[in-house]
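Secondary and tertiary structure notes
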Amino acid sequence: TFAATPWPGAAAGPAKAPVAQKDQTKALLQFQKDLASVLALRTEAEPLLGAALLARPLVNPPEVLTYHALLERASRNDDAGPQVAWARLADCDTKADACPNAEALATLQKQAPDNAAVWLLKLGVDGHNNASKAEVRADLTRAANAKLYDDYLGASLKALANSVTQLPPPADTFNPLQGAGAPGVQMVLVFGLASAQPMPGFQATAKYCDENKEDASVVTDCLKLAKVLEWGSSPLGRSLGLHLRETLSTDTSDQASAKTARLNLIWQMQRFAQLNLQAQGDKATAQKLLMLARSGGTEMSVILASLRAYGMPPEAPAGWEPSKPQQ
């Protein structure tokens, strides 16, 4: 229920890694296992989080290298911030409809009560579990009154970017014709694995605000939430915030500015996807993006810093329209 499902008006996420050849995929998974094994010897929370994210796609890993065991160790650390609990949301059984991990969600409510992402996640869960109307409504209020929005993707990028340099990627993990060499492999791992992180209930929130737009108090909270999301860590969250302002605000100039900002966001995401693609064939770009991922900002700050580094304006040119996706 908490997959990053697009909802009306969602900005497209960053480009996914290119489809690797079968042998290359096997070599990459082996490399991820080797990296996770080295990192598992560490005791601090960040390398253990990196190890867990690297180990998550492994098939039947040894017990010490399971996503669960590595995050369990990370969470026992004094330096385990809410980003570890956030990763633990995905330590659950989808088939048993036990996702996200309820214990991790309860931990987040204690660790990060001022984070709207936590309450949007709870709103999605409560909606899915047919909780009382009052409970879902309370989740929205908590989200609207939160100080910030952070889904910790920046923290995952940082943990991964610091982790992938522990060993050099073997030659069979990259295509020698692609030109980006080892940094290209590292970059694909960092951005590919981080984007598989849990997402809060954006779709459930958009639907709730839309279905209750006759209720003035709900609209007030949805518009308050829109502001928090617009300055949040995530392009998808920002996109939802702008969508809410564009559809719920009664002020036409407000609607227009939200529309322009949403267009700019799509432009930024497309330019960043372009840099991702460029990095797969160019070592310098791959190294630059890895360095920015290591900076420990948010997903949004990494994207904007990348555009700045390559002299790409954050505003779409006048009259620009996002190209329609190919059918």
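Predicted model only: the values in this text are computed from it and were never measured. (Residues numbered from 1 in each chain as written. Predicted model: local features only at pLDDT ≥ 70, side-chain atom pairs only at ≥ 80, totals over all residues. Heavy atoms only, no water.)

Considerations on the overall build of the protein
How we decide: Helix numbers and strand numbers start at the N terminus; a helix is a DSSP run of H or I with at least 4 residues, a strand a run of E with at least 2. Within these notes, the globule rule equals 2.2 Å times the number of residues to the 0.38 power, and the radius of gyration is based on C-alpha atoms. The buried label applies to any residue whose accessible area, calculated with a 1.4 Å probe on protein chains only, is under 20% of its type's maximum; exposed applies above 50%, and partly exposed to all values in between. For this analysis, residues touch if any pair of their heavy atoms sits within 4.5 Å. Each accessible area value is a Shrake-Rupley result obtained with a 1.4 Å probe; residue values ignore everything except the protein chains displayed when judging cover. Lys and Arg are tallied as positive, Asp and Glu as negative. Neither His nor the chain termini are counted. The location of each charge is read from NZ of Lys, CZ of Arg, CG of Asp or CD of Glu.
On a plain count of helices and strands, the protein comes out with 15 helices and zero strands. Scaling as 2.2 N^0.38, a compact globule of 327 residues should have a C-alpha radius of gyration of about 20 Å, and the protein matches this with 20 Å. Overall, the C-alpha framework of the protein stretches about 60 × 45 × 35 Å when taken along its three principal axes. For the protein, the residues scored as buried account for 50% of the 327 residues in total. Pairs at least 24 apart in sequence give 71% of the contacts found in the protein among residues at least 6 apart. When the accessible surface of the protein is totalled, it reaches about 15500 Å², and 55% of it is carbon and sulfur. For the protein, the distance from the average site of its 31 positive side-chain charges to the average site of its 32 negative ones is 3 Å.

Points about the environment of Cys-92
Following the sequence through the fold, Cys-92 ends up in the loop between helix H4 (82-88) and helix H5 (102-111). Taking the C-alpha atoms as reference points, Cys-92 and Ala-104, separated by twelve residues in sequence, lie 9.9 Å from one another. Sequence-distant contacts of Cys-92, that is, excluding residues within four places in its chain, are made with Ala-98, Cys-99, Pro-100 and Asn-101.

Some remarks on the packing of aromatic side chains
Applied cut-off: The rule is short: rings of Phe, Tyr and Trp, with Trp giving its six-membered ring, pair when the centres are within 6.5 Å, and they are stacked under 30 degrees, edge-to-face over 60, tilted in between. Charge over a ring is defined by NZ of Lys or CZ of Arg lying within 6 Å of the ring centre and within 35 degrees of the ring normal.
Inspection of every chain in the model, using the stated rule, returns four aromatic pairs. Plain terms: the ring middles of Phe-191 and Phe-272 are 5.8 Å apart, the flat faces sit at 65° to each other, and that makes the pair edge-to-face. Here Phe-272 lies in helix H13 (residues 252-279) and Phe-191 lies in helix H9 (residues 181-194), a separation of 81 residues in the sequence. Judged on exposure class, the residue Phe-191 and its partner Phe-272 are both buried. Above the plane of the ring of Trp-267 lies Arg-271, whose end atom (NZ or CZ) is 4.2 Å from the centre.

Focus: the packing of H5 against helix H6 (residues 116-128)
Stated precisely, the cut-off is as follows: The axes are straight lines fitted to the C-alpha atoms, using for helices just the contacting stretch, and the angles between their N-to-C directions are given from 0 to 180°. Working rule for handedness: look at the near helix, and if it is turned counterclockwise from the far one by less than a right angle, call the crossing left-handed; if clockwise, right-handed. Here the nonpolar group is Ala, Val, Leu, Ile, Met, Phe, Trp, Tyr, Cys and Pro; Asp, Glu, Lys and Arg are the charged ones; every other residue, Gly included, is treated as polar.
Packing of H5 against H6 leaves a shortest axis separation of 10 Å and a crossing angle of 145°. Every pair of crossing elements has a handedness; the one defined by H5 and H6 is left-handed. Residues Leu-105, Leu-108 and Gln-109 of H5 form the contact with H6, whose participating residues are Val-118, Trp-119, Leu-121, Lys-122 and Val-125. Taken together, the residues that form the contact of H5 with H6 break down as six nonpolar, one polar and one charged.

Section: the pattern of salt bridges
Rule in force here: Salt bridges are identified by distance alone: a Lys or Arg side-chain nitrogen within 4 Å of an Asp or Glu carboxyl oxygen.
As enumerated under the stated definition, the model contains 14 salt bridges in all. Here Glu-44 ties to Arg-42 by a salt bridge, and the two come within 3.3 Å at their closest N and O atoms. Residue classification places Arg-42 among the partly exposed residues on the basis of a relative accessible area of 32%. Here Lys-213 ties to Asp-210 by a salt bridge, and the two come within 2.7 Å at their closest N and O atoms. The exposure class assigned to Lys-213 is partly exposed, which follows from its relative accessible area of 41%. Since its relative accessible area comes to 44%, Asp-210 is described here as partly exposed. Here the residues in one salt-bridge network are Lys-122, Asp-126, Glu-135 and Asp-139, joined through shared partners.

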